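This is what each chain is made of:
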Amino acid sequence: FYAGLTGAAERRGDGELAAAARRLFESAIDRKGYLTGGVGANWKGEAFGRDFSLSNGRGYLEGCAACGMYDWLTELSRLDGPGRYEDVRERLMYNALLGTFNADFTAYAYPNPTASAEPRYAWHTLPCCVGNVPRVLEDYKNRMWAVSAAGDRLYLLHFISSTGGEATVQSEA
């Protein structure tokens with residue numbers, strides 16, 4: 001929902017929707033999100049909780065919430081430029097999403113609390129994970145670089161080995 005709201009704001013040039021999306025982001029990250037990038041502290045309803053109601057080690061932080069946040073961050077980056085959104089994406093990818101897997105990617109955990117003795121399982125039968133997690137992992141390569149809306153700046157978003165094709169830069173004399 002938040003990704004759709006933000007995308008509509010950007011595509012329509014709607015300042016009120018854009019301001020609402022930014023307020024929601026500040027709330028989600030600054031008051032309801034974990035330092036790891038994980039979101040969705042409450043298992044009941046797989047939802048955000050009240051401001052600063054973050055359980056120490058027992059937050060729900062399910063993998064598909066990380067995928068949803070990934071999509072929202074993409075829309076926010078289109079709206080305002082990469083900046084802070086890509087910093088959040090990096091934490092989200094390395095901790096909240098990749099943290100749902102064991103070291104050799106043979107087992108998965110649906111919730112991803114910051115501290116848990118719960119075992120991981122070979123796969124999860126919920127249909128959202130089957131498509132969301134691989135889709136996000138495959139898309140990450142598309143988020144290595146960004147160009148400013150004016151086309152005058154190139155941003156390196158994530159410090160991962162990558163290459164770009166040759167480009168010709170033309171300037172008006």
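Since the model is a prediction, treat every value here as computed from it, not as a measurement.

Rules used in this analysis
Residues numbered from 1 in each chain as written. Predicted model: local features only at pLDDT ≥ 70, side-chain atom pairs only at ≥ 80, totals over all residues. Heavy atoms only, no water. Helix = DSSP H or I, 4+ residues; strand = E, 2+ residues; numbered from the N terminus. Expected span 1.5 Å × (residues − 1). Buried < 20%, exposed > 50% of the residue type's maximum accessible area, 1.4 Å probe, protein only. Patch = residues over 30% accessible without salt bridge, like charges linked within 9 Å, V, L, I, M, F, W, Y side chains within 5 Å. Areas by Shrake-Rupley, 256 points an atom, 1.4 Å probe, with all protein chains shown as cover. Salt bridge = Lys/Arg side-chain N within 4 Å of Asp/Glu carboxyl O. Axes fitted to C-alpha atoms, helices over the stretch in contact; angles between N-to-C directions. Parallel < 35°, antiparallel > 145°, perpendicular 65-115°, else oblique. Left-handed = near helix turned anticlockwise from the far one by under 90°. Contact = heavy atoms within 4.5 Å. Nonpolar A, V, L, I, M, F, W, Y, C, P; charged D, E, K, R; others polar. Core = buried A, V, L, I, M, F, W, Y, C linked by side-chain atoms within 4.5 Å.

Peer 1: So what's going on with helix H4 (residues 83-97)? Residues and values would help.
Peer 2: Here H4 contains 15 residues, and its C-alpha end-to-end distance of 20 Å stays within 8% of the 21 Å for a straight helix at 1.5 Å per residue. Among the residues making up H4, those that are buried are Tyr85, Glu86, Val88, Arg89, Leu92, Met93, Ala96 and Leu97.

Peer 1: Describe a nonpolar patch on the surface, with residues and values.
Peer 2: Judged by side-chain polarity, Trp145, Val147, Leu154, Leu156 and Phe159 come together as a nonpolar surface patch covering roughly 560 Å² of accessible area. Mapped onto the fold, tryptophan 145 is located in strand E1 (residues 145-147). Owing to a relative accessible area of 36%, tryptophan 145 belongs among the partly exposed residues under this scheme.

Peer 1: Tell me about the pattern of salt bridges, and please be specific about residues and values.
Peer 2: Per the counting criterion, the structure on display carries 12 salt bridges. In this structure, arginine 135 engages aspartate 71 in a salt bridge whose closest nitrogen and oxygen atoms are separated by 3.0 Å. Highlighted residues: arginine 135 in helix H5 (residues 127-139) and aspartate 71 in helix H3 (residues 63-80), separated in sequence by 64 residues. We classify arginine 135 as partly exposed; its relative accessible area is 34%. Relative accessible area serves as the criterion here: at 27%, aspartate 71 is assigned to the partly exposed category. Between lysine 141 and glutamate 138 there is a salt bridge whose closest N-O contact spans 2.5 Å. For glutamate 138, a relative accessible area of 46% corresponds to the partly exposed category. One network of salt bridges, in which partners are shared, links Glu10, Arg11, Glu75 and Arg78.

Peer 1: Outline unusual backbone geometry, supporting the account with residue identities and numerical values.
Peer 2: Working note: non-glycine residues mostly have negative phi, and peptide bonds are mostly trans. The phi dihedral of phenylalanine 52 falls on the positive side, at around 60 degrees, and the residue is not glycine. Relative to the assigned elements, phenylalanine 52 resides in the loop between helix H2 (15-31) and H3. Classification of phenylalanine 52 by relative accessible area gives exposed; the value is 60%.

Peer 1: Tell me about the packing of H2 against H3, and name the residues and values.
Peer 2: Orientation of H2 relative to H3, taken along the N-to-C sense of each, is 135 degrees, at an axis distance of 11 Å. What the angle tells us is that H2 and H3 run oblique. Considering how the two elements wind past one another, H2 and H3 form a crossing that is left-handed. Contact residues: H2 offers Ala18, Ala21, Arg22, Leu24, Phe25, Ala28 and Ile29, while H3 offers Met69, Trp72, Leu73, Leu76, Leu79 and Asp80. In the contact of H2 with H3, the residues fall into 11 nonpolar, no polar and two charged.

Peer 1: Report on the nonpolar core, specifying residues and quantitative values.
Peer 2: The biggest cluster of nonpolar side chains holds 29 residues, and the ones touching the most others in it are Phe25, Met69, Trp72, Leu73, Leu76, Leu92 and Leu97. Breaking this core down by element, the ones donating at least two residues are helix H1 (2-12), H2, H3, H4 and H5. Examining the composition of this core, we find that eight residues originate from one element, H3, more than from any other. Here leucine 97 is in contact with Gly63, Ala66, Cys67, Leu92, Val133, Val136 and Leu137, once residues within four sequence places are set aside.

Peer 1: An account of the environment of glutamate 90 is needed here, citing residue identities and associated values.
Peer 2: For glutamate 90, the location among the structural elements is in helix H4. Glutamate 90 gets classed as partly exposed once you look at its relative accessible area, which sits at 23%. Between the C-alpha atom of glutamate 90 and that of glycine 37, which follows or precedes it by 53 residues, the distance is 8.2 Å. Residues contacting glutamate 90, with those up to four places away along its chain left out, are Tyr140, His158 and Phe159.

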